[in-house]
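These are the residues of each chain, in order.
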Amino acid sequence: MPTTDSPAPDPRFDRQARYISALEQLADPAPVTRLSGAQSLIWLIDEWLADETLPGPTRHAEATALIDSLCAYIRSPYPMAPEYEILSRDEPDPALSEEDKRNFPHDKAEFDAEVTVRLTLLLAVHTRVIGTRESPGPWSGFAYDFSGSVFFYPVNLSGSYWSVPLNMAEATFCADADFSSSTYLADAIFNDTVFNGDVDFSHSTYGADVHFNKVHFNGALNASSTIYEQGVSIQGVCLQEADLSGCLYHGNTWIDITHHGHANLSRCLYYGEHIDLSSSYLQGVTANNCIYHGKTRLGYGDGERLADYSRSVFFADLEHDETTFAGPIDYSHNVYYGHTEIIINTYQGDVTMRESIYLGQGARLTYNTYEAKADFGDCLYLQCVPPPEGEDYGVGNAYGVFSGSCYEGPVTYGPALFCQSVSLDEVQYSTPDNSFAGCIFNPAVRNTFTVDYDSDYEAEIRAGYPVGSRLLNGSQVAHMNERSQHVRELAETLLQAPADSEERWAIHQQILAVCNELKQWAYAL
């Protein structure tokens, strides 16, 4: 019998014994016993973290061991998981054999019982990682390794705050999954993951690198209104509609998804130096009203629905080349500050590039094939930054370059103001419907207009310029050059301003005002 001087029992020994017992219960064939083991594991984690008699590192280490065991159980294979489509129903599938129909009530009861065990563990994680940077959840500071797990039940981890890596690599989500409104301070790893239901990553913040390589989204994808503070790497297949609109990308971005449903990438803001959006859009893409601060490469569109890249601003170089667009495409109302290459494409639907402003080192729209209508009207071509020494961004250093393109449908070039030289050499017209009405050229620079010898029709040329166009006189050229120089000075200041500054956007608005004033002045002559 202990005396009054005997030390109190060390609660750590009791917890270790209960931990061993919980693991044994989790391995028991009876679902009710496994559920009891799951609950014991959760209580033990909370007890360790609440024990203020122990140093913080000790509490964290003990809780880590239990959380690792919790994750290991969720990762563990379940023999009936492949039968999710059958056993998640309330009634047996009529296509089942008679024997399987007889076994269905028993199998479903076993299946549902295991779902309860695993959801109990996952719910404990979820409720304890809900939080913010200012107020993280009590379990937010632990690493969770769910790699290779098969989630044969709906997953809800919305509103979570993860301050260490979350590993979902090679996991399979059989039902819907919700990761919305979450914050990830460390790497979020979803490589080789399969989502068979709808998945929601919207309104989240990623503070570290994002890894979504070789991911299969078999349901609808919602990753809208999300902030990426570091680099982004997303590659995979999406079979349904995808909403990636309203996102903010601070680092380099690589997104290469084959979209079998419509994709929405509108209202996005990209700050990284390199932006590669080499996705394929089989059912159209909406990517309008975006702002790109880094060198950008746009994706491919093989479907018959609209590819909309309109009303966007490109503060650095743009590449959009060597692809076929089966449907219409809209590049209208864009502003280009960098070298623009939209080349070697085939457009089977209507193309509009109306009301765009080209301010960068070159505007190269060469060797494209337009099988339907092409509209370049109401554009301004004004070079703000000369090409680097030794670089030739056009043909003979021409600024606006349309050379080598083939127009199988009607094409409209005007009205437009070409402040710098323009080259339309070796162009092919399959119809006589090519209009330069309202085009205004600068005669002080070299402008060339020739057709390929295989062309069915020619543009009507008089005195070296297309019929319907006009030339500026000497005083008008001087005024245009004065206004153009003002734009160049503003653009130089703009490109030196930080990308995320209000100063850059304010100067951009000034440039737009001057450019529109210049166009309207020219049109009114």
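Conventions used here
- Throughout this description, residue numbers start from 1 for each chain and increase along the sequence as written.
- Selection of residues for local features in this predicted model requires a pLDDT of at least 70, selection of side-chain atom pairs for listing and counting requires 80 or more, and totals for whole chains, interfaces and linings are taken over all residues.
- Side-chain metrics rest on all non-hydrogen atoms present in the structure, leaving aside hydrogens and water.
- Helix and strand assignments follow DSSP, with helices taken as H or I runs no shorter than four residues and strands as E runs no shorter than two, numbered in order from the N terminus.
- Burial classification: accessible surface area is computed with a 1.4 Å probe over protein chains only, and a residue below 20% of its type maximum counts as buried, one above 50% as exposed, and the rest as partly exposed.
- Whether two residues are in contact is decided by their heavy atoms, any of which lying within 4.5 Å being enough.
- The Shrake-Rupley method, run with a 1.4 Å probe, gives the accessible areas here. Residue values count only the displayed protein chains as cover.
- Under this rule, positive means Lys or Arg and negative means Asp or Glu; His and the chain ends count for nothing.
- Note that the charge is assigned to NZ on lysines, CZ on arginines, CG on aspartates and CD on glutamates.
- Note on method: axes are straight lines fitted to C-alpha atoms, helices fitted across the in-contact stretch only, with angles between N-to-C directions ranging 0 to 180 degrees.
- Between 65 and 115 degrees an angle is taken as roughly perpendicular, under 35 as roughly parallel, over 145 as roughly antiparallel, and anywhere else as oblique.
- Three categories are distinguished: nonpolar for Ala, Val, Leu, Ile, Met, Phe, Trp, Tyr, Cys and Pro, charged for Asp, Glu, Lys and Arg, and polar for the others, with Gly belonging to the last.
- What makes a crossing left-handed is the near helix being turned counterclockwise from the far one by less than a right angle; a clockwise turn instead makes it right-handed.
- One bridge is not enough; two strands pair if DSSP finds at least two bridges between them.
- What counts as a salt bridge is simple: a side-chain nitrogen of Lys or Arg found within 4 Å of a carboxyl oxygen of Asp or Glu.
- In this analysis, the expected span of each helix is defined as 1.5 Å times one less than the number of residues it contains.
- The quantity known as pLDDT measures the predictor's confidence residue by residue, on a range of 0 to 100.
- Two aromatic rings, drawn from Phe, Tyr or Trp (for Trp, its six-membered ring), form a pair once their centres lie within 6.5 Å of each other, and the interplanar angle then sorts them: stacked below 30 degrees, edge-to-face above 60, tilted otherwise.
- Should the NZ of a Lys or the CZ of an Arg lie within 6 Å of a ring centre and within 35 degrees of the ring normal, that charge is described as sitting over the ring.

### What to know about the overall build of the protein
So, point 1. For the protein, the helix and strand inventory stands at seven helices and 52 strands.
So, point 2. Principal-axis analysis of the C-alpha atoms places the extent of the protein at approximately 115 × 65 × 35 Å.
So, point 3. Across the 525 residues that make up the protein, the buried fraction comes to 51%.
So, point 4. Long-range contacts, defined as pairs at least 24 residues apart, comprise 38% of the intrachain contacts of the protein with a sequence gap of at least 6.
So, point 5. When the accessible surface of the protein is summed, it comes to about 22,400 Å², and 50% of that surface belongs to carbon and sulfur atoms.
So, point 6. Positive and negative side-chain charges of the protein, numbering 29 and 72 respectively, have mean locations separated by a distance of 3 Å.

### Considering the packing of helix 2 (residues 31–50) against helix 5 (residues 98–129)
So, point 1. Put simply, helix 2 and helix 5 touch, their axes get as near as 9 Å, and they point 10° apart. If you check the angle between helix 2 and helix 5, you find them roughly parallel. Here P31, R34, L35, A38, Q39, I42 and D46 of helix 2 lie close against helix 5, whose contacting residues are E110, A113, E114, T116, V117, T120, L121, A124 and R128.
So, point 2. When grouped by side-chain class, the residues that make up the contact of helix 2 with helix 5 number eight nonpolar, three polar and five charged.

### Overview of the packing of helix 1 (residues 11–26) against helix 2
Helix packing geometry: the angle between the two helix axes and the distance between the axes.
So, point 1. The N-to-C vectors of helix 1 and helix 2 enclose an angle of 150°; their axes lie 8 Å apart at closest approach. If you check the angle between helix 1 and helix 2, you find them roughly antiparallel. You can see that helix 1 and helix 2 cross each other, and the crossing is left-handed. For the pair formed by helix 1 and helix 2, the contact residues are R12, R15, Q16, R18, Y19, A22, Q25 and L26 on the first element and T33, R34, S36, G37, A38, S40, L41, L44, E47 and W48 on the second.

### What about the pairing of strand 16 (residues 232–238)?
So, point 1. Burial of strand 16 is extensive: five of the seven residues sit out of reach of the surface.
So, point 2. Sheet topology note: the strand 13 (residues 210–217)/strand 16 ladder contains seven bridges and is parallel. Note that in strand 16 the partner of N213 across the bridge is Q235.
So, point 3. Inspection of the sheet shows strand 16 paired to strand 19 (residues 253–259) by seven bridges, in the parallel sense. Within strand 19, the position partnered with C238 by the bridge is H259.

### Concerning the pairing of strand 34 (residues 340–343)
So, point 1. Here strand 34 shows a buried face lined by T340 and I342 and a second buried face lined by E341 and I343.
So, point 2. Looking at chain direction, strand 30 (residues 318–321) and strand 34 are connected through four bridges and run parallel. Paired with E319 across the bridge in strand 34 is E341.
So, point 3. One ladder, built from two bridges, connects strand 34 with strand 38 (residues 363–364); its direction is parallel. Counted as the bridge partner of E341 is R364 from strand 38.

### Re the environment of I461
So, point 1. Mapped onto the elements of the fold, I461 is located in strand 50 (residues 461–462).
So, point 2. Sequence separation between I461 and G131 is 330 residues, and the spatial gap between their C-alpha atoms is 69 Å.
So, point 3. When neighbours within four sequence positions are excluded, I461 is seen to be in contact with F449 and P466.

### Observations regarding the pattern of salt bridges
So, point 1. The tally for this structure, following the rule as stated, stands at 20 salt bridges.
So, point 2. For the salt bridge of K101 with E98, the shortest nitrogen-to-oxygen distance reads 3.7 Å. Remark: E98 and K101 occur in helix 5; sequence separation between them is three residues, near one turn of the helix.
So, point 3. Assessed through its relative accessible area of 54%, E98 is described here as exposed.
So, point 4. Its salt-bridge partner being D321, residue R297 comes within 2.8 Å of it at the nearest N-O pair. Residue R297 is found in strand 26 (residues 295–297), and its partner D321 is found in strand 30; the two are separated by 24 residues along the sequence.
So, point 5. Several salt bridges converge on common partners, so that one network encompasses D14, R15, R18, E47 and D51.

### A closer look at the side chain of S310
So, point 1. Residue position: S310 is located in the loop between strand 28 (307–308) and strand 29 (313–314).
So, point 2. Looking at S310, the relative accessible area reads 4%, which means it is buried.
So, point 3. Setting aside anything within four residues of it in sequence, one finds S310 in contact with N288, N289, D330, Y331, S332 and N334.

### A few points about helix 3 (residues 56–75)
Each α-helix turn comprises 3.6 residues. Residues three or four places apart therefore point the same way.
So, point 1. For helix 3, which comprises 20 residues, the first-to-last C-alpha distance of 28 Å matches the rise-based estimate of 28 Å (1.5 Å per residue) to within 8%.
So, point 2. Buried residues of helix 3: R59, A63, L66, I67, S69, L70, C71, Y73 and I74, and no others.
So, point 3. Those residues of helix 3 hidden inside the fold are in contact with helix 1, helix 2, helix 5, strand 1 (144–145) and strand 2 (150–151).

### Considering the confidence of the model for the protein
So, point 1. For the protein, the mean per-residue pLDDT works out to 92, and 95% of the residues sit at or above 70.
So, point 2. Counting interchain partners and residues more than four positions distant, the pLDDT-below-50 stretch residues 392–397 has 15 contacts.

### Looking at the side chain of H126
So, point 1. The residue H126 is located in helix 5 in this model.
So, point 2. Among residues more than four places away in sequence, those in contact with H126 are N156, L157, S158 and S160.

### A few points about the packing of aromatic side chains
So, point 1. Summed over all chains, the structure comprises 48 aromatic pairs.
So, point 2. Ring geometry for F151 against Y153: centres 5.9 Å apart, planes inclined by 85°, an arrangement best described as edge-to-face.
So, point 3. Residue F151 is classed as buried on the basis of its relative accessible area, which comes to 0%.
So, point 4. Between Y407 and Y429 the ring centres are 5.6 Å apart and the planes differ by 20°, which places this aromatic pair in the stacked class. On the criterion of sequence distance, the pair formed by Y407 in strand 43 (residues 406–407) and Y429 in strand 46 (residues 422–429) is long-range, its members being 22 residues apart. In terms of burial, Y407 and Y429 fall into one category: buried.
So, point 5. The ring of W48 has R15 lying over it, and the distance from NZ or CZ to the ring centre is 4.7 Å.

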